[in-house]
Amino acid sequence: MWIFDMFTSDACNISGRNNWLESWSWEEYEVKKIELSDKIVLVDMIWQPLEWSVTISDELFSWKYLPGTIFALYCHSGWTSWYLQMQLSPQLPQYTFVNIKWGIMSLRR
């Protein structure tokens, strides 16, 4: 699987917004991270890594993580991560994919 083939020029199109799968705000992510600890992996999709994130790559979804791992995907605005979530969820059912709503732009540091 080549992860970057899953992106298209219309990945940020808002027309599919009503098809959201699970999504969390940054505040919800922080709570879940405390509750679920090592079962959550925060995935940087835009090469703006946060201290506790991993950068998206093919290797990330190549059995490096145990089934049941939750991947929290973030991009700039939440649209590309939502789009990738829609692509990956049916292809990798052993994992859970969560979109971080509004992306890194909504993160308050």
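Above: the structure in question.
Presented here is a report on the structure given in the accompanying data block. (Residues numbered from 1 in each chain as written. Predicted model: local features only at pLDDT ≥ 70, side-chain atom pairs only at ≥ 80, totals over all residues. Heavy atoms only, no water.)

### Side note on the sheet that holds strand 3 (residues 54-55)
Taking strand neighbours across the sheet as the criterion, the five strands line up as 1-5-4-2-3 in an open arrangement whose pairing is parallel. Each edge of the open sheet is held by one strand with a lone partner, namely strand 1 (23-24) and strand 3. By the bridge criterion, two bridges tie strand 2 (residues 40-44) to strand 3 in an arrangement that is parallel. Within strand 3, the position partnered with Val 43 by the bridge is Val 54. Set on the sheet, helix 1 (residues 26-36) makes contact with strand 1, strand 2, strand 4 (70-74) and strand 5 (96-100); between it and strand 2 the angle comes to about 140°. (Pairing = 2+ DSSP bridges. Helix = DSSP H or I, 4+ residues; strand = E, 2+ residues; numbered from the N terminus. Contact = heavy atoms within 4.5 Å. Axes fitted to C-alpha atoms, helices over the stretch in contact; angles between N-to-C directions.)

### Some details on helix 2 (residues 79-91)
For helix 2, which comprises 13 residues, the first-to-last C-alpha distance of 19 Å matches the rise-based estimate of 18 Å (1.5 Å per residue) to within 8%. Within the sequence span of helix 2, burial applies to Trp 79, Thr 80, Ser 81, Trp 82, Tyr 83, Leu 84, Gln 85 and Leu 88. (Expected span 1.5 Å × (residues − 1). Buried < 20%, exposed > 50% of the residue type's maximum accessible area, 1.4 Å probe, protein only.)

### Comments concerning the packing of aromatic side chains
Taken as a whole and assessed by the stated rule, the structure comprises nine aromatic pairs. The rings of Phe 61, Tyr 65, Phe 71, Tyr 95 and Phe 97 are connected pair by pair, giving a single aromatic cluster. (Phe/Tyr/Trp six-rings, centres within 6.5 Å; stacked < 30°, edge-to-face > 60°.)

### A word on the nonpolar core
Membership of the largest hydrophobic core comes to 29 residues, with the highest contact counts inside it found for Phe 61 and Phe 71. Counting residues per element, the ones that place at least two in this core are helix 1, strand 2, strand 4, helix 2 and strand 5. When residues of this core are assigned to their parent elements, the largest contribution, five residues, is made by strand 4. (Core = buried A, V, L, I, M, F, W, Y, C linked by side-chain atoms within 4.5 Å.)

### Concerning unusual backbone geometry
The phi torsion at Ser 37 lies on the positive side, around 45°, for a residue other than glycine. With respect to the element layout, Ser 37 can be found in the loop between helix 1 and strand 2. With a relative accessible area of 38%, Ser 37 lands in the partly exposed category. Despite not being glycine, Trp 102 shows a phi value in the positive range, around 65°. Following the sequence through the fold, Trp 102 ends up in the segment after strand 5.

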